[in-house]
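# What the coordinates show
What follows is each chain in one-letter form.
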Amino acid sequence: MMWKLLLKKFVRANLLGAEIDKYHMLLYSQEVFRSAILQPGPPESFALQIVQQVIKPQRQTKLAQDENQLLENILRALLQELVSSAVQSGEQIMQYGQSIDDGGSSQGLIPRLLDIVLYLCEKEHIEGGMIFQLLEDLTEMSTMRNCKDVFGYIESKQDVLGKLELFARGKLVMLRTCNQLLRRLSKANDVVFCGRILMFLAHFFPLSERSAVNIKGVFNTSNETKYEKDPPDGISIDFNFYKTFWSLQEHFCNSASLTLAPTRWQKFTASLMVVLSTFEAQPLSDEEGAANNLEEEAATFSIKYLTSSKLMGLELKDSSFRRHILVQCLILFDYLKAPGKSEKDMPSESMKEEITSCEERVKKLLEITPPKGRDFLNKIEHMLEREKNWVWWKRDGCPPFEKQPIEKKVVQDGAKKRRPRWRMGNKELSQLWKWADQNPNALTDPQRVQTPAITEYWKPLAEDIDPTAGIEPEYHHKNNKVYCWKGLRFSARQDLDGFSRFTDHGIEGVVPLELLPPDVRSKYQAKPNERSKRAKKEGAKGASHQSEENQIATPASEIDDGIKADLEASATPMDTDAATATGNMSQGGSPLTDEHQKQSSDTDGLEAAGQSEPDADVEPGVVDGEADTEVDLDAVG
């Protein structure tokens, strides 16, 4: 028994000695890194030497797995000590410590330590995920005020952290760090900081990252808008309208339930009609629209509505508040009409008609809501149109946007190169056919292909022509040949008056005059004297053209005397018949001109001369000339 007790004491002493040695080594390593942080100059000049001095790795430039774990423990302990010291001193953690002048910028101890670790990770001297682990520890040890400074450092190093060799090792840690920050932040008071984090994630992760996509389209039903259920005392408001107005938020919060329960849709449409009728009965003036300073409102933006009944009257006079509600309606309608839904999720025909009528009323209200209602509506419609592309992308399983470069394989001599076979001839048409199979109503939808109105089509070019718009000539739509060609086709079908101005003024003259400002419109309007000159010019052209036709109608070759005699003899009765026919036509109310009579008589005479060709001796070339004359007469006739 005695020897067992002695053995236990010996083991304990050895373990205790090992722990003491490890503790001393940890303190020594921290002192080495602390002194390294204070060194001036870029990290590449001393970072690797410091690691080799502390760890003494088996390989000179790259640490093994256990060596990486040891270095990570040293750095995490040093970081915790620096944060604790910063908190005790009352300084901001990112500004704590001795400032070092590095290229004109000052840094604290913690940013300097992070720069050294980031350099070592980038050069693959240490494990790539170590910098992400330190950043996660730093955010967990910091207050929200200090987290803004820490996240500012992360944003400044976004390009380096997003490199492939680092991104693959630390993307999950970075995603966890950002999600933890979002949970700690207030969605009502820290809107800007939340937006910075979301924008960083959108740039840091690729578009095809499935963790950022709501694949199933689940609604956030926990986002509840609370409002008063009982009328307050001493306030004269229409409390029924107040409850009807704020009850719309329950339907906006869960739009999918409207197509599943007809009673909910009926309740929603009834409430919406009341709200739209109130907006139409109380339109806002330009003065009320100009009274809202949009810049100040953006600085004090609240993510939740203020639902106090005392503010109802003021909110109805606020143009921005009205726009928020009306845009919510458009988003709801766009969701209900979204492509790619199954038959059970699609709205009924009567429901589609109600959606269309409500959508038209909402757009009209947005257009008349100052300031710049029409421009605001155009931007909202553009964004909703682009949203359909994302709907199709999610429906197809979020395929990656990045396309790998095609490797050119060397084909051996004599070997046949096999081309991929597509169902419809190429990849694009095959994909369209696949979409059509999944959604057969897409090709039969009458709204799929529409010819735009001539005023809508030429509106971009009219804005280019307007000198007040200040658009540079190189960005004008007239430089787009396809746009001009399509516009000329539309004008030829819908606006012949504008199409006729193309000859004098070019493509800018085809733009409808009502789209142009008055000072520009006068340039393209035809003056009365110019119109008369143009009419005289066209009349002169017609007279000269008619004389050319008469010249063509006469024989172009010389005929001998015998043939001339036959022509005169045969032409006499024909002239008589022609005169008789002319008289009959004139009695019927359709007189012919002398030129037409002369042309018809000459034609008949030549036909008679053609019948006497076998009986006459004709000089060489006369028959050719005679045949040419007949061909010309047929073309003229």
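See the structure printed just above.
Residues numbered from 1 in each chain as written. Predicted model: local features only at pLDDT ≥ 70, side-chain atom pairs only at ≥ 80, totals over all residues. Heavy atoms only, no water.

### Some thoughts on the packing of aromatic side chains
Tallied over the full model, the rule gives 23 aromatic pairs. A ring pair is formed by Phe219 and Tyr335, whose centres lie 5.3 Å apart and whose planes are at 90°; its orientation type is edge-to-face. In this pair, Phe219 sits in the loop between helix H9 (191-204) and helix H10 (239-253) while Tyr335 sits in helix H16 (residues 319-336), placing the two residues 116 residues apart along the sequence. Ring centres of Tyr227 and Tyr242 lie 6.3 Å apart, and the angle between their planes is 75°; this geometry places the pair in the edge-to-face category. Taken as a pair, Tyr227 in the loop between H9 and H10 and Tyr242 in helix H10 lie far apart in primary sequence, 15 residues in all. Across this residue pair, the class does not change: Tyr227 and Tyr242 are buried. Three or more aromatic residues link up through ring pairs in this structure, and these residues are Phe151, Phe167, Phe193, Phe200, Phe204 and Phe205. The ring of Tyr227 carries Lys229 above its face, with NZ or CZ at 3.8 Å from the centroid. (Phe/Tyr/Trp six-rings, centres within 6.5 Å; stacked < 30°, edge-to-face > 60°. Helix = DSSP H or I, 4+ residues; strand = E, 2+ residues; numbered from the N terminus. Buried < 20%, exposed > 50% of the residue type's maximum accessible area, 1.4 Å probe, protein only. Lys NZ or Arg CZ within 6 Å of the ring centre and 35° of its normal.)

### Notes on a nonpolar patch on the surface
On the surface, Met424, Leu429, Leu432 and Trp433 cluster together into a nonpolar patch covering about 360 Å² of accessible area. Here Leu432 lies in helix H19 (residues 427-438). (Patch = residues over 30% accessible without salt bridge, like charges linked within 9 Å, V, L, I, M, F, W, Y side chains within 5 Å. Areas by Shrake-Rupley, 256 points an atom, 1.4 Å probe, with all protein chains shown as cover. Salt bridge = Lys/Arg side-chain N within 4 Å of Asp/Glu carboxyl O.)

### Things to note about the pattern of salt bridges
For the structure on display, the rule yields 18 salt bridges. As a salt-bridge pair, Glu72 and Arg76 come within 3.5 Å of each other at their nearest N and O atoms. Residue Glu72 and its partner Arg76 are located together in helix H3 (residues 65-89), separated by four residues, close to a single helical turn. Here Asp115 makes a salt bridge to Lys157, at a shortest N to O gap of 3.7 Å. A residue pair is termed long-range when its members are at least 10 positions apart, and Asp115 in helix H4 (residues 109-122) and Lys157 in the loop between helix H6 (144-156) and helix H7 (158-161) qualify at 42 residues. Its relative accessible area of 11% is what places Asp115 among the buried residues. Note on Lys157: relative accessible area 25%, which makes it partly exposed. In this structure, a network of salt bridges that share partners links the residues Lys337, Glu359, Lys363 and Glu381.

### Brief notes about the environment of Lys523
For Lys523, the location among the structural elements is in helix H26 (residues 518-524). Along the primary structure Lys523 and Leu513 are separated by 10 residues, whereas in three dimensions their C-alpha atoms are 10.0 Å apart.

### Some details on helix H12 (residues 262-281)
In this model H12 runs 29 Å from its N-terminal to its C-terminal C-alpha over 20 residues, within 8% of the 28 Å that 1.5 Å per residue would give. In this structure, the buried side of H12 is in contact with H10, helix H11 (257-260), helix H15 (312-316), H16 and helix H17 (349-368). (Expected span 1.5 Å × (residues − 1). Contact = heavy atoms within 4.5 Å.)

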